[in-house]
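Close look at the chain arrangement
Listed here are the chains, written in short residue letters.
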Amino acid sequence: MNAVVATSVFAVFMVAAVALGLLALRGRGKGGGLAEWSVGGRSLGPVFIWVLMAGEGYTSFSYLGAAGWGYNYGAPVLYVVAYMSCGYAIGYVVGPMLWGYARRHGLVGITDMVAHRFGRPWLGAVVAVLATVFLLPYIQLQITGMGVVLSVISYGAVSLNWAYFVAFAVTTGFVVVSGLRGSAWVSVLKDVLVIATLGFLALYVPLHYFDGYGPFLDRLVTEKSDWLTLPGHGGGGSGGSGLGELWFISTTFLNSLTVVIFPTTVAGYLGARNADALRRNAMYLPAYNVLLFVPMLLGLAALFVVPGLAGAESNLALFKLVVDSLPAWAVGVIGVAAGLSSIVPMAVFMLVIGTMWGRSVLSLVPRLAERQKSAAQVVVVVAGGLALLLTYTAPNTLVRLSLISYEGMAQLLPMVLLALVWRRLTFRGAFSGLIVGVAVVCVLVFSGNDPLGGVNAGLVALAANLAVALAVTFAGSRDADPRPDAEVLAGDPVGEEGDPLAVTRAARSASDHRV
């Protein structure tokens, strides 16, 4: 009976979420072209951009991975709050810059930007392939997360394998039909449920299991002190986790840079109606990260309630607490919040992969050049299928999958970001650096040398990437690109059409002229 109640609540909300996504398309014909599907027609206002970009911080990782790493290690999981807050600060400058560049040249993603910057359409295709490889683990992360949620709230009635397939099928169908605009609408429902459920659990779990925060924290300090300092539990000795101060600093630094050029983040940037919405979001979004402390704390609480979880089982830490003590309908509601926290970001990841391929790879085929949207939708299904296959064949903890994605995507930083502000960076330099960076990160990660000497392997690879890019750039001749700087580089978007600050600048200019 518990399984029936919880899964029924879950199913009703899932149907409502899909209906909400379809409702978002009212009055837009058959959904418009690729720009409407992939970046919401560049017309999303501050509220939708807020919830869409906040979704980067509240995925299935929040309910499962953060609690799981809190359970396994403790303090090292705080890197999530650190890098996202720093990333928003960087995004205050980078977001409007990328928005202005894309709007000026009619671009819809980072592959477009790279191809336009270096004047080589095939380069966009290469970046699309690499970005897809490094995004698949993140899609796998969301499939794993939603599958775990569905299996647990069904009290084991739905097997993990079937739960993974349901997660893939629901999300793939949703994103093919609704696009970015539908994801933004569903994000509103998701965020309401996330705030409500995490707020409730922050109060309920300590009171129910420990008679309050005081006894809980006293017990934590007394019995689990290793979890409260870096490098966390199991961090000491030659066989330790390696998640010490160097790892924390290097991972926070790398991820805060990488998150601003992550294809899904850029999709949020480009969907904005104007750059001012991005500036406001960058100021307010760090406050939203306060809620991330809740699943981390609940992971520590689970150490006393459900001890003995190992490996990928640690992802279940939070939901073990929920299923153990709450009525089935409440389990269903919390499951919905966690499920939507998988669907929304997974939809955006799949959407971005489809857009990159439809725009930068398949468009190179003459027969498909005029059908970019339909080609992109086919790619969405294929990418989701590959991630599902990885979920079955190469399971991993959710945090590990997140780290692999960021370490690989970081190697695009020179080509995507540095190249847009520094004209001297040549194609040969950027491409050589990219090859070296990807090779180094793959060798380090798959040989088990991440972190390397306590430093995040992605940062080591990025250092090699930059060194090679600069060496090749200064050693070789300049690329013969006749285009002016305004055509090649990105700059301050203030004054561009669609930016409210342009009105202010124009008014000031007129006032100065009158004086």
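Residues numbered from 1 in each chain as written. Predicted model: local features only at pLDDT ≥ 70, side-chain atom pairs only at ≥ 80, totals over all residues. Heavy atoms only, no water.

**A word on the overall build of the chain**
In terms of helices and strands, the chain carries 22 helices and zero strands. Taking all 515 residues of the chain together, the buried fraction comes to 58%. Looking at the chain alone, contacts between residues at least 24 apart form 84% of all its contacts between residues at least 6 apart. Of the roughly 19400 Å² of accessible surface on the chain, 67% is carried by carbon and sulfur atoms. (Helix = DSSP H or I, 4+ residues; strand = E, 2+ residues; numbered from the N terminus. Buried < 20%, exposed > 50% of the residue type's maximum accessible area, 1.4 Å probe, protein only. Contact = heavy atoms within 4.5 Å. Areas by Shrake-Rupley, 256 points an atom, 1.4 Å probe, with all protein chains shown as cover.)

**Quick word on the packing of helix α19 (residues 427-446) against helix α20 (residues 457-475)**
Packing of α19 against α20 leaves a shortest axis separation of 7 Å and a crossing angle of 155 degrees. Classified by the interaxial angle, the pair formed by α19 and α20 is roughly antiparallel. Here the hand of the crossing between α19 and α20 comes out right-handed. Residues Arg 428, Gly 429, Ala 430, Ser 432, Gly 433, Leu 434, Val 436, Gly 437, Val 440, Val 441 and Leu 444 of α19 form the contact with α20, whose own contacting residues are Ala 457, Gly 458, Val 460, Ala 461, Ala 464, Asn 465, Val 468, Ala 469, Val 472 and Thr 473. Partitioning the contact of α19 with α20 into residue classes produces 13 nonpolar, seven polar and one charged. (Axes fitted to C-alpha atoms, helices over the stretch in contact; angles between N-to-C directions. Parallel < 35°, antiparallel > 145°, perpendicular 65-115°, else oblique. Left-handed = near helix turned anticlockwise from the far one by under 90°. Nonpolar A, V, L, I, M, F, W, Y, C, P; charged D, E, K, R; others polar.)

**Side note on the confidence of the model for the chain**
Across the chain, the average pLDDT comes to 82, with 83% of residues at or above 70. Looking over the chain, one finds the lowest element-wise mean pLDDT in helix α22 (residues 500-514), namely 43, and the highest in α20, namely 96. The low-confidence segment residues 501-515, where pLDDT is below 50, has seven contacts with residues more than four positions distant or belonging to other chains. (pLDDT = per-residue confidence, 0-100.)

**Remarks on the pattern of salt bridges**
Under the counting rule described, the total for this entry stands at five salt bridges. Between Arg 423 and Asp 485 there is a salt bridge; the shortest N-O distance is 2.8 Å. Taken together, the residues Arg 423 in the loop between α18 (413-421) and α19 and Asp 485 in helix α21 (residues 485-488) connect sequence positions 62 residues apart. (Salt bridge = Lys/Arg side-chain N within 4 Å of Asp/Glu carboxyl O.)

**Looking at the nonpolar core**
Counting 150 residues, the largest nonpolar core has Met 113, Ile 139, Ile 143, Phe 319 and Leu 412 as its most contacted members. Not counting residues up to four positions away in its chain, the partners in contact with Leu 412 are Ile 110, Val 127, Ala 131, Ile 261, Leu 417 and Leu 434. (Core = buried A, V, L, I, M, F, W, Y, C linked by side-chain atoms within 4.5 Å.)

**Section: the environment of Asn 449**
Here Asn 449 is to be found in the loop between α19 and α20. Those residues in contact with Asn 449, other than ones at most four positions away along the chain, are Leu 444 and Ala 457.

**Digging into the packing of aromatic side chains**
Going through the model one piece at a time under the given rule, you end up with 20 aromatic pairs. Here the aromatic rings of Tyr 83 and Tyr 406 are separated by 5.4 Å at their centres, their planes lie at 65 degrees, and the arrangement is edge-to-face. With Tyr 83 in helix α5 (residues 79-105) and Tyr 406 in helix α17 (residues 398-409), this residue pair connects regions lying 323 residues apart in the sequence. The pair formed by Tyr 83 and Tyr 406 is uniform in burial state, with each residue classed as buried. Put simply, the rings of Trp 69, Tyr 73, Tyr 79, Tyr 83, Trp 247, Phe 262, Phe 349 and Tyr 406 touch in pairs and so form one group of aromatic residues. Taking NZ or CZ as reference, Arg 117 lies 4.7 Å from the ring centre of Phe 118, over its face. (Phe/Tyr/Trp six-rings, centres within 6.5 Å; stacked < 30°, edge-to-face > 60°. Lys NZ or Arg CZ within 6 Å of the ring centre and 35° of its normal.)

**Some words on helix α11 (residues 263-270)**
In terms of residue burial, α11 counts as a mostly covered element, since eight of its eight residues are buried. By the burial criterion, the buried members of α11 are Pro 263, Thr 264, Thr 265, Val 266, Ala 267, Gly 268, Tyr 269 and Leu 270.

**Here's the deal with the environment of Pro 295**
Structurally, the position occupied by Pro 295 is in helix α13 (residues 293-305). Distance in space between the C-alpha atoms of Pro 295 and Gly 70 is 8.1 Å, their sequence separation being 225 residues.

**So, the side chain of Ser 405**
Within the secondary structure layout, Ser 405 lies in helix α17. For Ser 405, a relative accessible area of 0% gives the class buried. A polar contact is formed between the side chain of Ser 405 and the backbone oxygen of Phe 134, at a distance of 2.7 Å. (Polar contact = N/O pair within 3.5 Å; in protein donor to acceptor, adjacent residues only side chain to side chain.)

**Digging into unusual backbone geometry**
The peptide bond linking Leu 230 to Pro 231 adopts the cis configuration, its omega dihedral lying at 5 degrees. Inspection of the secondary structure puts Pro 231 in the loop between α9 (213-223) and α10 (245-258). Going from Asp 450 to Pro 451, the amide bond is cis rather than trans, its omega being 5 degrees. Phi at Tyr 155 is positive, roughly 55 degrees, even though this residue is not glycine. Within the element layout of this structure, Tyr 155 appears in the loop between α7 (121-153) and α8 (160-210).

**Structural notes on the environment of Pro 121**
Within the element layout of this structure, Pro 121 appears in helix α7. Beyond its immediate sequence surroundings of up to four residues, Pro 121 is in contact with Ala 115, Ser 360 and Leu 364.

**Examining a nonpolar patch on the surface**
A surface patch of nonpolar side chains, amounting to about 430 Å² of accessible area, comprises Tyr 92, Val 93, Met 283 and Tyr 284. Along the polypeptide, Tyr 92 turns up in helix α5. What makes Tyr 92 partly exposed here is its relative accessible area of 37%. (Patch = residues over 30% accessible without salt bridge, like charges linked within 9 Å, V, L, I, M, F, W, Y side chains within 5 Å.)

**Describing α10**
With 14 residues, α10 extends 20 Å from end C-alpha to end C-alpha; this agrees with the ideal 20 Å at 1.5 Å per step. Of all the residues in α10, the buried ones are Trp 247, Phe 248, Ser 250, Thr 251, Thr 252, Leu 254, Asn 255, Ser 256 and Thr 258. (Expected span 1.5 Å × (residues − 1).)

**Looking at the packing of α7 against helix α15 (residues 328-361)**
Running from N to C, α7 and α15 point in directions that differ by 165 degrees, and their axes come no closer than 8 Å. As judged from the angle between their axes, α7 and α15 are roughly antiparallel. As α7 packs across α15, the resulting crossing turns out to be left-handed. Its residues placed into classes, the contact of α7 with α15 shows 25 nonpolar, nine polar and no charged.

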